[in-house]
Amino acid sequence: MQKLFSTKTQIPFMSMAKWCVRVSAILVIVSIALFLIKGLNYGIDFRGGTEIKIEVSETISVADVREQVSNIVAGEVSVITESGADAGKQGMKIRIAADGAEAAMSEDAITAVKSELTNKIEGSEVRGVTSIGGAVSSELVQKGIMAIGLTLIAIGIYIWLRFEWQFSMGAIVALFHDVSLTIGIFSLLGMTFDLSIVAAILAIIGYSLNDTVVVYDRIREKLSMSKSEDVDIVINRGINETLRRTAMTSLTTLLAIAALYVFGGSELRGFSFAMLWGVCVGTYSSIFIASPILTYFGLDRGDKPKSTTKFADIDA
Amino acid sequence: MVNLPRWQRFLIVIIMAFGVFFAFPNSQYSKVEKANDAIARIEIDKAEAGDETLSTTWPSWLSNRLVNLGLDLRGGVHVLVQVEKDQVYNERYDEFWGTIRDALRDNRDRFGSVRREATDAAIRVKIANASELQGALEKIQETASDLGATEYSFAINDGGIDIHLTDAAKSQIDELTMARSLEIVRRRIDAAGTKEPTIQRVGEDRVSIDVPGFGSVEEVMELLGKTAKLTLHEVLELTNDQTMRVGFDELLLPSVDGSYYRLDKAAVVSGDSIVDASLGYDQNGLPAVNFRLNTEGAKKFGDFTSTHINEPFAIVLDEEVLSAPNIQSYIPGGQAIISGNFSVEEATNLAVLLRSGALPAPLTVLEQSVVGPDLGQDSVDAGRMAAMIALALVALYMLWVYRAFGVFANISLFFNMILIVAGLSIIGSTLTLPGIAGIVLTIGMAVDANVLIFERIREEYAAKPVLIRAIDQGFARALSSILDGNVTTLIAAAVLYFFGAGPVRGFAITLMIGIVTSVFTAVYGTRLLMVLYLDWRKPKDLGY
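Only a predicted model underlies this, so the values are computations on that prediction, with no experimental measurement involved.

1. Details of unusual backbone geometry
Thought 1: You will see that Asn310(B), though not glycine, has its phi angle at about 70 degrees, which is positive.
Thought 2: The residue Asn310(B) is located in the loop between helix 10 (295-307) and strand 15 (313-317) in this model.

2. Regarding the domain arrangement of chain A
Thought 1: When the domains of chain A are assigned, the result is domain 1 (13-42 + 137-297) and domain 2 (49-132).
Thought 2: Taken over C-alpha atoms, the centre of domain 1 of chain A sits 37 Å from the centre of domain 2 of chain A.

3. What about the pairing of strand 16 (residues 320-323) of chain B?
The two faces of a sheet get side chains in turn, since along a regular strand they alternate between them.
All names here are of chain B.
Thought 1: Of the strand pairs in this sheet, strand 15 and strand 16 are connected by three bridges, and their pairing is antiparallel. Paired with Ile315 across the two strands is Ser323, which belongs to strand 16.
Thought 2: What sits between the antiparallel neighbours strand 15 and strand 16 is a turn of two residues, in which Asp318 has the positive phi angle 45 degrees.

4. Looking at helix 15 (residues 503-537) of chain B
A turn of α-helix holds 3.6 residues, and therefore any two residues three or four places apart point the same way.
All names here are of chain B.
Thought 1: Over its 35 residues, helix 15 runs 47 Å from end to end, which matches the ideal 51 Å to within 8%, given 1.5 Å per residue.
Thought 2: Along helix 15, the largest kink reaches about 30 degrees and is centred on Thr521.
Thought 3: Where burial is concerned, most of helix 15 is hidden: 25 out of the 35 residues are buried.
Thought 4: Looking one or two places after helix 15, you find Lys538, whose phi comes out positive at around 45 degrees.

5. Topic: the packing of helix 5 (residues 134-162) of chain A against helix 6 (residues 165-189) of chain A
Two quantities define a packed helix pair, namely the angle between the helix axes and the distance between the axes.
All names here are of chain A.
Thought 1: Direction vectors running N to C along helix 5 and helix 6 enclose 155 degrees, while the axes themselves pass 8 Å from each other. Taken together, helix 5 and helix 6 sit at an angle that is classed as roughly antiparallel. Considering the relative orientation of helix 5 and helix 6, their crossing is right-handed. Seen from helix 5, the contacting residues are Ile148, Leu152, Ile155, Gly156, Ile159 and Trp160; seen from helix 6, they are Trp165, Phe167, Ser168, Ala171, Ile172, Leu175 and Val179.

6. Some points on the packing of helix 12 (residues 373-427) of chain B against helix 13 (residues 433-463) of chain B
Residues and elements named next belong to chain B.
Thought 1: Where helix 12 contacts helix 13, the two axes come as close as 8 Å, and the packing angle between them is 5 degrees. In terms of their interaxial angle, helix 12 and helix 13 are classed as roughly parallel.
Thought 2: Looking at the contact of helix 12 with helix 13 residue by residue, the classes come out as 19 nonpolar, seven polar and no charged.

7. Some words on the pairing of strand 13 (residues 274-281) of chain B
Residues and elements named next belong to chain B.
Thought 1: Here strand 13 runs beside strand 14 (residues 287-293); their pairing, made up of seven bridges, is antiparallel. Bridging from a neighbouring strand, Tyr281 pairs with Pro287 of strand 14.
Thought 2: The hairpin formed by strand 13 and strand 14 contains five residues between the paired strands, and Gly285 there has a positive phi angle of roughly 80 degrees.

8. Describing the interface of chain B and chain A
Thought 1: Contacts between the two partners involve 65 residues from chain B, matched on the other side by 62 residues from chain A.
Thought 2: Of all the secondary-structure elements, those providing two or more residues to the side of chain B that touches chain A are helix 9 (217-225), strand 18 (363-371), helix 12, helix 13, helix 14 (467-499) and helix 15 of chain B.
Thought 3: Looking at which element gives the most residues to the side of chain B that touches chain A, the answer is helix 14 of chain B, with 18 residues.
Thought 4: Here five bridges tie strand 5 (residues 125-132) of chain A to strand 18 of chain B, and the two strands are oriented antiparallel to one another. Residue Val129(A) lies in a different strand from strand 18 of chain B, and its bridge partner there is Val370(B).

9. What about the confidence of the model for chain A?
Thought 1: Mean pLDDT over chain A stands at 85; residues scoring 70 or higher make up 91%.
Thought 2: Every residue in residues 1-5 of chain A is under pLDDT 50, and counting partners more than four places away or in other chains gives four contacts.

10. Remarks on the sheet that holds strand 5 of chain A
Thought 1: Spatially, the eight strands line up as an open sheet ordered 3(A)-4(A)-2(A)-5(A)-18(B)-2(B)-8(B)-7(B), and their pairing is antiparallel. Where the open sheet ends on each side, the last strands, each with one partner, are strand 3 (77-82) of chain A together with strand 7 (198-202) of chain B. Geometrically, the sheet is characterised by an average inter-axis angle of 20 degrees between neighbouring strands, direction not taken into account.
Thought 2: When strand 3 of chain A meets strand 4 (residues 89-97) of chain A, the two strands line up antiparallel, connected through six bridges. Residue pairing for strand 4 of chain A: Thr81(A) is matched across the bridge by Met92(A).

Cut-offs and rules
- Residues numbered from 1 in each chain as written.
- Chains lettered and ligands numbered in written order.
- Predicted model: local features only at pLDDT ≥ 70, side-chain atom pairs only at ≥ 80, totals over all residues.
- Helix = DSSP H or I, 4+ residues; strand = E, 2+ residues; numbered from the N terminus.
- Domains from an automatic or database assignment.
- Pairing = 2+ DSSP bridges.
- Expected span 1.5 Å × (residues − 1).
- Bend = angle between axes of the 7 residues up to and from the residue.
- Buried ≥ 20, exposed ≤ 12 C-beta atoms within 10 Å, placed from the backbone.
- Axes fitted to C-alpha atoms, helices over the stretch in contact; angles between N-to-C directions.
- Parallel < 35°, antiparallel > 145°, perpendicular 65-115°, else oblique.
- Left-handed = near helix turned anticlockwise from the far one by under 90°.
- Contact = placed C-beta atoms within 7 Å.
- Nonpolar A, V, L, I, M, F, W, Y, C, P; charged D, E, K, R; others polar.
- pLDDT = per-residue confidence, 0-100.

Structure (structure tokens):
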């Protein structure tokens, strides 16, 4: 590991990036197409409905439970198994679609489902119930989209103020790439997309940007130091010099999230999957998209070195 | 020389010590919680046996603040309800209509017959003698000003008089409705004796209710499901025809015995006037509810009874006629009894609801969630496990790559965890399951600042192998990247906090606290450790 990312790497990222940008562009288009055509498997936070978590005997099948519940409720019923139950038992999650109702499922209806389960399904035990009405869920969708959009804008402005506008564009393109690919993989695999995934996407934006900014910082430093060299070469050196750090941070973050994915329980599995994917995509994008793309925006040579050392001096 | 002024060293140690002080109680969670509960009970004079000794089990000079565990971790009921406040306007209109109708009908010879035309949320008055419209408007305005009712605006439109609540009046009514709804919800939940409920207003017209503990689910829902709006009405007709068409200012309501009553829509008195209610028994010895009206209510009720002797009046609770007794005689004191085939338990419950007051408007449940205590405990266990393993993996990896410096980074990481827990305890925010995810994520990302510094030191050292200078430069030059990287993450977390709902906010909070503390520990904590190390060992090279 130490050898692999020695300080002296000379990997020609800029020439690799030409291909990477094309591949990424295709992946982004595929992701958007998947999102538009196949759509997302929204959780109840976003489409309203009721989710009941139960534990049942191992012998019970998902189909049994679905049939019992379907008998007494109007909405579409889906049941999936979950890990992490006690010995001899298995966990299941029953989801009942809301059918467009503004309010949450009534207490009477929930009680009816619960007693049906307890009476007809062997060894069943209700562990938790969540019901969300259409009024709240449509708001959550709006808020989720607004949150992601606002974050991108706020970050774009911050980078623009601290760097040049080209950096700001580069960062936004890379972040758009990360967000698209994350939504794309959720659409492709049909995994549940709920509020925690929006949180994960915002965390991915934060992470990927953190990664990108460190490389940008170095490129800016190099640009103001050597005014005669070709921009491509300077960018390439910036990426190479920060490569060890990029790799280290990605690895420590991935280690932590992997622990969360494996040991954090089924509730956090979607979130940690999104993060695992997002950290990989984000690391890739800060190396192969965010920095190389700077040349496409006609980066200024450092004639006007903006506050490079503004913060660096404080503690020197 | 890598120096760190004495006052800075001192400050760093002080902050860390504070962190330990405020984080420590969380390591004895249940002990501190029990002591806190006992103290709380003693304060409100509801001490139970053994509380005196319990309250002293945690020394008072130690901090007793704990990280609040969210409902998803400790188990409990969460309900988000919407207050249907528009209904309050309609009631105001109905009530006001009753008054002006009487005023106009007193001048029937002048205005002709008076009726109210159906409109959306307003009063539209039509009179038979259209030429007197202006006169009718003046009469209405006069009536309003006699009553001191300034909240209406009047206009002649299209052959009728439109009466609206002004926008100012509406927003004032909204505020009152919300304040009262919150108050009533709080009283009802408190009456049920549940433990530390959190009841707060959310946005314009919503109330969020969090009640820890599982046993009370049905009870909570039962308490919120009823408006407990009690009104007394003049009975116009007893009927069995449930499809009967009734006038605009009349009501057709079912009765508990299956028959239907046609009633005057304007109530004689409403539950607002009730000052006390208790379990009682009717003349047949069956459970009933006694209630007493305030002076104003008693006067109105008295006036009504004096003019309607030997006629029935209906006691209506939440759109259902409980009973319709005959008025035997003038009732002056404002005391009455409600009977209606209650069990003792039902009558007691109704008395509680009437005593806490009616909700000004019905509540619609928008969101409800029940987490069993087992599920919560499982989540806590899994989260703790994931955090420990993440911490171990990251620490081992840092140690392997950075050797001695890795030890410093790991000590900083450990203190970072302590500061996060301390921060959560101090601001009293709630730790949710996504919050735990935020902490685990912070473990992975917090070492980033140290990685940046160490890598920069390595570069500086490679360029010019003078250790002290390399370390100095490494810290100085990495700072700009560290700040930029963390400010941007902070932006994302802040947006999430303002837009996120419920548990996701918990994630944003831990992430924000984690970013601030990790920059502090990684930059200043690590630096202090390095200065001490350099003084102590005087190493000749980097070691990694």
